[in-house]
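Remarks on the overall topology
One-letter residues, chain by chain:
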Amino acid sequence: MSPPLLQVNDLKKHFPVKKGLFQRKSEFVYAVDGVSFEIARGETLSLVGESGCGKSTVGRAILRLFDITSGQVILDGQRIDDAAPNTMRQMRRRVQVVFQDPFSSLNPRMRVRDILAEPIRNFGLAKSAEDLEVRVTALMDTVRLPREALNRRPHEFSGGQRQRIGIARALAAEPELIVCDEAVSALDVSVKAQIVNLLQDLQREFGLALLFISHDLAIVEHMTHRVAVMYLGKIVEVAPRREIFAAPRHPYTRALLSAVPLPEPGAQRNPIILKGDVPSPINPPKGCRFHTRCPLVFDRCRVEEPTLRSAGPEQWVACHLEDGTAATAE
Ligand code: SF4
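Residues numbered from 1 in each chain as written. Predicted model: local features only at pLDDT ≥ 70, side-chain atom pairs only at ≥ 80, totals over all residues. Heavy atoms only, no water.

A few words on the site of the ligand. All residues in the neighbourhood of the ligand are listed as His250, Pro251, Cys288, Phe290, His291, Cys294, Leu296, Cys301, Pro306, Cys319, His320 and Leu321. The cavity where the ligand resides is the largest cavity. Of the residues assigned to the shell around the ligand, the class counts are nine nonpolar, three polar and no charged. (Near = heavy atom within 4 Å. 1 Å grid on protein atoms, 1.4 Å probe; cavity = no way out; pocket = protein on both sides within 12 Å on 5 of 7 lines; lining within 4 Å. Sits in = over half its atoms within 2 Å of the grid points. Nonpolar A, V, L, I, M, F, W, Y, C, P; charged D, E, K, R; others polar.)

Moving on to the sheet that holds strand β10 (residues 234–240). Taken in spatial order, the eight strands line up as β6-β7-β8-β3-β9-β10-β12-β11 in an open sheet, and their pairing is mixed. In this open sheet, the two edge strands, each paired with only one partner strand, are β6 (95–98) and β11 (309–312). Strand-to-strand twist in this sheet, taken as the mean axis angle between neighbours without regard to direction, amounts to 25 degrees. As paired elements, β6 and strand β7 (residues 177–181) share four bridges and run parallel to each other. Following the sheet pairing, Val95 is matched in β7 by Leu177. Taken strand by strand, helix α6 (residues 159–172) contacts β6 and β7, and its axis lies near 175 degrees from that of β6. (Pairing = 2+ DSSP bridges. Helix = DSSP H or I, 4+ residues; strand = E, 2+ residues; numbered from the N terminus. Axes fitted to C-alpha atoms, helices over the stretch in contact; angles between N-to-C directions. Contact = heavy atoms within 4.5 Å.)

It is worth spelling out the pattern of salt bridges at this point. Summed over all chains, the structure comprises 24 salt bridges. Residues Asp131 and Arg135 are paired through a salt bridge, measuring 3.4 Å at the closest nitrogen-oxygen approach. Here Asp131 pairs with Arg135, and both are found in helix α5 (residues 129–142), just four residues apart, close to one helical turn. One salt-bridge network, in which partners are shared between bridges, spans Arg41, Asp76, Arg94 and Glu176. (Salt bridge = Lys/Arg side-chain N within 4 Å of Asp/Glu carboxyl O.)

Applying the stated criterion across every chain, the model contains four aromatic pairs. Considering the side-chain rings of Phe15 and Phe66, the 5.6 Å spacing of their centres and the 85 degrees angle between planes classify their relative orientation as edge-to-face. Separated by 51 residues along the polypeptide, Phe15 in strand β1 (residues 6–19) and Phe66 in the loop between α1 (55–62) and β4 (70–75) bring together distant segments of the chain. Three or more aromatic residues link up through ring pairs in this structure, and these residues are Tyr231, Tyr252 and Phe290. (Phe/Tyr/Trp six-rings, centres within 6.5 Å; stacked < 30°, edge-to-face > 60°.)

Let's shift gears to the packing of helix α4 (residues 112–122) against α6. Running from amino to carboxyl end, α4 crosses α6 at an angle of 25 degrees, the nearest separation of the two axes being 7 Å. The pairing of α4 with α6 is recorded here as roughly parallel in orientation. Of the two elements, α4 crosses α6, and the hand of that crossing is right-handed. The segment α4 lies against α6, with Val112, Ile115, Leu116, Pro119 and Ile120 engaging Ile165, Ala168, Arg169 and Ala172. (Parallel < 35°, antiparallel > 145°, perpendicular 65-115°, else oblique. Left-handed = near helix turned anticlockwise from the far one by under 90°.)

The subject of this paragraph is the state of the cysteines. Here the structure, examined in full by the defined rule, presents zero disulfides. Just so you know, Cys180 is unpaired, no disulfide at all, and the nearest cysteine sulfur is the one on Cys53, 16 Å from it. (Disulfide = S-S within 2.5 Å.)

On to the pairing of β10. Taking burial as the measure, the seven residues of β10 include seven buried ones, the bulk of the element. Where strand β9 (residues 226–231) folds back onto β10 in an antiparallel hairpin, the turn is made up of two residues, including Leu232, whose phi is positive at roughly 50 degrees. Across two bridges, the pairing between β10 and strand β12 (residues 315–317) is antiparallel. Within β12, the residue paired with Val238 across the bridge is Trp316. (Buried < 20%, exposed > 50% of the residue type's maximum accessible area, 1.4 Å probe, protein only.)

We note that Arg64 has phi near 55 degrees; this positive angle belongs to a residue other than glycine. Along the chain, the position of Arg64 falls in the loop between α1 and β4. If you check the backbone angles, Arg144 has positive phi at about 60 degrees while not being a glycine. Tracing the sequence through the fold places Arg144 in the loop between α5 and α6.

Attention shifts here to the layout of surface pockets. Gaps left between atoms are located by rolling a probe of water-molecule size over the structure's atoms. Here the largest pocket is characterised by a volume of approximately 750 Å³. Examining the composition of the lining of the largest pocket, we find that seven residues originate from one element, strand β2 (residues 24–39), more than from any other. Considered class by class, the residues forming the lining of the largest pocket number 18 nonpolar, seven polar and nine charged. One number sums up the size of the second largest pocket: a volume of about 390 Å³. What lines the second largest pocket is a set of 16 residues, and nearest its centre among them are Arg92, Val95, Gln96, Val97 and Phe123. Elements with a contribution of two residues or more to the lining of the second largest pocket: α2 (85–94), β6 and α4. (Points joined across faces, edges and corners; volume = space filled by probe spheres on them.)

As structure tokens, then:
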């Protein structure tokens, strides 16, 4: 078996909170608190969970948009969390990003031609001016935008078209992994489907791996190979798509999935309504972080933190119920 393209080991990112007159760091936001996973070449792993669970922070840590608190991020066998600038430059080419809002991530003053040419120039990928032009026009074909649009600026496009430009810009660097951070969340339903189809086509064509960060499980169900579910800075369940959608094991995953509409007209799942709000990541609950909202909570959950344990082929769940603990739901 070939080694994974990306390995994330016990990743932590704690943001200091400055308080008081002297802006002392007195508390931390435990945004990501011990997250581990792998992504194979050509695989899509979806990182899902409610807003504020830390999934986007994981994506940004992989992109090294900030220094991590601890842990390791390994790309193709090489650590990138503490890589020297020279190594990091090459790593940056290999891992690209598509953000949620293409409008704010594309420079409004630049023409599409220059937006696409920038990464090609930065990473020295074109052999000549002609080669640069060939690459830029090929990118437009790849994301199915007309070549004439190369001379237009981002505000002249629709939201879906702008996201295509964002994808083309990511592809310009010839990456192996693209972090899609809520990349289709701001789009209309029909446009969402088109962009997801495009990402899948590109994945097949270029053998790309995708880290698909999303709160939209209905979209995830149609395009992912595996799913990792996050809650309050931790992964609570990881499983292949089929297993997680057919037989979710963690109580939180079950609640999330119960809100996903079924494709058959009129069909409904039994909704599981969770009580209360997600606790603050500044002061996460002791024991199982989900215990304040879990419908199956029992005494042990309040004192002992569950670890991810195998619950089937390629399925991992962090819940005390997985080790056969007898419990009476309260
Ligand atoms: Fe619920 Fe306890 Fe399992 Fe946490 S460990 S998910 S509180 S049953």
